[in-house]
Amino acid sequence: MSKTSNQKSTEPANKPTVAVFKFASCDGCQLSLLDAEDELLAIAHHVEIAYFLEARTRTLDGPYDIGLVEGSITTEHDAERIRDIRKQCRYLVTIGACATAGGIQSLRNWADVDEFIQQVYATPQYISTLATSTAIADHVPVDFELRGCPINKDQLVELITALVIGRVPRVPNYSVCVECKRRGTVCVAVAKGISCLGPVTQAGCGAICPAFNRDCFGCYGPQEFVNVTSLTRRYESQGESREHLVRLVRNFNGYAPAFRAASDALEEQSHE
Amino acid sequence: MSDKRQFEVKALSRVEGEGRLYVRVDGDKVEHVELNIYEPPRFFESFLRGREVREVPDITARICGICPVAYQMTACHALEKALGLTMTPEIRLLRRLLYCGEWIESHALHMHLLHAPDFLGYESGITMAADHREVVERGLRMKKIGNDLLAILGGRAIHPINVTVGGFYRAPRRSELKKLLPELEWGLAAAVETVRLVASFDFPAFDQAYDCVSLQHPSEYPLNEGRIVSSSGLDISVEEYESHFEERHLPQSTALHSVMLPAATSYLVGPLPRVNLCLGQLLPTARREAESCGIAWPSQNNFHSIVARGIELVAAFEEAVEIVSQYHVEPSVSRIEYTPHAGEGCHATEAPRGLIYHRYRIGDDGLIAEAKIVPPTSQNQGQIEDDLRQFVPSVLQYDDAEATRRCEHLIRNYDPCISCATHFLTLTIDRQGK
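First, a word on what this report is: a plain description of the structure on this page. (Residues numbered from 1 in each chain as written. Chains lettered and ligands numbered in written order. Predicted model: local features only at pLDDT ≥ 70, side-chain atom pairs only at ≥ 80, totals over all residues.)

**Digging into the packing of helix 10 (residues 284-292) of chain B against helix 11 (residues 305-325) of chain B**
When two helices pack together, their arrangement is given by the angle between the helix axes and the distance between those axes. Residue and element names in this part refer to chain B. The condition is simple: Axis definition: a line fit to C-alpha positions, over the contact stretch in the case of helices; interaxial angles, taken between N-to-C directions, run 0 to 180 degrees. Where helices and strands are cited, they refer to DSSP runs of H or I of at least four residues and of E of at least two residues respectively, numbered from the N terminus. In what follows, roughly perpendicular refers to angles from 65 to 115 degrees, roughly parallel to angles under 35, roughly antiparallel to angles over 145, and oblique to any angle outside these ranges. In this scheme the handedness of a crossing depends on how the near helix is turned from the far one: anticlockwise by less than a right angle means left-handed, clockwise means right-handed. It is the C-beta atoms, placed from the backbone, that decide contacts: two residues are in contact if theirs lie within 7 Å. In the scheme used here, Gly and all other residues not listed as nonpolar or charged are polar, with Ala, Val, Leu, Ile, Met, Phe, Trp, Tyr, Cys and Pro taken as nonpolar and Asp, Glu, Lys and Arg as charged.
With their axes 8 Å apart at the nearest point, helix 10 and helix 11 run at an angle of 165° to one another. Relative to helix 11, helix 10 is oriented roughly antiparallel. Relative to helix 11, helix 10 is oriented so that their crossing is right-handed. Contacts from Thr285, Ala286, Glu289 and Ala290 of helix 10 reach helix 11 at Ile311, Val314, Ala315 and Glu318. When its residues are assigned to classes, the contact of helix 10 with helix 11 shows five nonpolar, one polar and two charged.

**Points about helix 11 (residues 228-237) of chain A**
Residue pairs spaced three or four apart in an α-helix point in one direction, given the helix's 3.6 residues per turn. Residue and element names in this part refer to chain A. Cut-off, in case you're wondering: With C-beta atoms placed from the backbone, a residue is buried if 20 or more other C-beta atoms are within 10 Å of its own, exposed if 12 or fewer are, and partly exposed between those counts. Taking the helix axis as origin, the arc is that swept by the directions to the C-beta atoms.
Buried within helix 11 are the following residues: Val228, Leu231, Thr232 and Tyr235. Buried residues in helix 11, looked at end-on, bunch into an arc of 95°, giving them a common side. Exposed side of helix 11, more than 90 degrees from the buried face: Ser230 and Ser237 are the residues found there. Buried residues along helix 11 sit against helix 12 (242-249) and helix 13 (257-271). Looking at the residues trailing helix 11, positive phi occurs at Gly239, about 105°.

**Observations concerning the packing of helix 4 (residues 89-120) of chain B against helix 11 of chain B**
Residues and elements named next belong to chain B. Relative to each other, helix 4 and helix 11 sit at 145°, their axes nearing to 9 Å. Both helix 4 and helix 11 take part in a crossing whose hand is left-handed. In this structure, helix 4 contributes Leu93, Arg96, Leu97, Cys100, Trp103, Ile104, His107, Ala108, His110, Met111 and His115 to the contact, and helix 11 contributes Ile306, Arg309, Gly310, Glu312, Leu313, Ala316, Phe317, Glu319, Ala320 and Ile323.

**Overview of the sheet that holds strand 13 (residues 368-374) of chain B**
Residues and elements named next belong to chain B. Applied cut-off: Note on pairing: two strands pair once DSSP finds at least 2 bridges between them.
Spatial ordering of the open sheet is given by 11-12-13, a layout of three strands whose pairing is antiparallel. Two strands bound the open sheet, and with one partner strand each, they are strand 11 (343-351) and strand 13. In this sheet, adjacent strand axes meet at a mean angle of 10° when their direction is disregarded. Taken together, the six bridges between strand 12 (residues 354-362) and strand 13 define a ladder with antiparallel strand orientation. Paired with Ile362 across the strands is Ile368, a residue of strand 13. Across the sheet, helix 3 (residues 68-83) lies against strand 11 and strand 12, angled at about 150° from strand 11, the strand it touches most.

**A word on the environment of Glu54(A)**
Structurally, the position occupied by Glu54(A) is in the loop between strand 2 (48-52) and strand 3 (64-70). A tally of 24 C-beta atoms within 10 Å means that Glu54(A) is categorised as buried. As a C-alpha pair, Glu54(A) and Gly221(A) span 167 residues in sequence and 26 Å in three-dimensional space. Other than its neighbours up to four places away in sequence, Glu54(A) contacts Asp27(A), Gln30(A) and Glu16(B).

As structure tokens, then:
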């Protein structure tokens, strides 16, 4: 108990406030904060977790210093809600592929959403949704993006730490290939002929997929300034089917501009 | 003058996903209860059409960040049935171990950070930690062990990447699993402490005539396999699920609502039904704790679910210790190869929060032609509303804040995962005329 009271007496005054907001998503990225088991209580000591419905009932009103946003915009109401949240947050950070690129649910953007509703729900008139699933940055200015499906909890801890002490978060922007080499994994694309998205995908996961004998499937989205089409062309020349490549690029980050352009280009070629 | 009141919880907290609760009462008569799931729909069953068989475990994992393994395991088994694949005993055992990891992570989180605060009078695990630091730290350490187990077997804790139709892309290394053994043994002892703690909580007297439903297996506690049984005597194969259970679409919800046929009645899935129906299959330590915790099983009070969850936490650690201790040789075959072809298959497994069912049809092109997914929370939704109808009269003596707190506590008995069911909670209590 003495430990507890000590801790209380040393609580920093005017702690920065953190709020966590959810839109269309699986909850996995905000869960990453609770998954920082070794750091969670220390974080709660240094910042005021002011709004985090998944973890606590008490909520404090804004404005907030840091707003973490999970999920994509899929309803009119959510499109309005994010504009209000933006006004309340000094730094607005998107966490994960849904908030940053629209998520797996952005597959609807290539389909007829009314048909989707009819397939899943017996009474479609009860469902209100937009035809598209879009990234937060399509609606409001975003200060920083954490990539990943899901995000890496160490990057989340780094982000909160950096914002609290007032420096830029250190998050790598090189490709998964760099992490793979560092890990000493034999290249699955070269050695096994597997169509792997590692060369065009931003690092952050630790290059786990190739270490488990499989393709990178792009959870962290496109790295800056990549030519995805040159990679898919290479795989096509090795005999990979165009249909497979469209599906490979069009998943959790499929609606991120670089991936989207690449899958659309592949489809156009098929129609020529 | 009328005694009408209404209560509303606009955003339920300490649950996964988004929902609200609306209750309207007249005097002590409950006129209307509505669990409104407003989490926006994401249409997984639609966009799975036209995807490759091997993509399904990667995609369905994204339905839920808390229980991705449940989706992966159910999808893999259903698709393996469609393809006529039989798993090796080694793969089967590693899949049980993977599921143990998810049960540990999910149960430890729910018990210590989300549900125990209701019993001990705190708004969150974070606040509770100021007075019960050891309990919260113990819970976090257990949760971490579950996540570490998931990372060794699955590559990472959330949305594992090593699960595939036919087995694992790579078998876990013996050295990595053995290194975790001391922590798993610590976890087993810690979970026993936790069961004893939660069994000492005060439970509201709230016995209901639940029809409990779970998988049941003759020789093991249900995770990946078994027949579907109920406390009312149902005993069917998984293939018969859709003849006995039906999903209905109600206006207040983006989740479909499951009922048991023929009378369209509510039923209960999750830890309480599993302990009630499968007590005999628990491993010795878990069984000893179940029998000595002071609750008579079968229990008809879902406030006891936190104890059932604790017993399952012991069970998951106990089984993990057993499997890891016996993992002497890495299997030479970590996955069964296949060529996709037309077929249909369904399967049910036990997610941490209850029975989960998937059915897939593969077309002639080897791609998914149809998918049906029934998560645990949509099955429990009717039962949660039935519970509230019975429970609300007992909280009307309190002001709105306290009445709401008590209703939320009841809802958390279910560890609802609303992201899964769409598909978080907002409670409205409408006390009409006030």
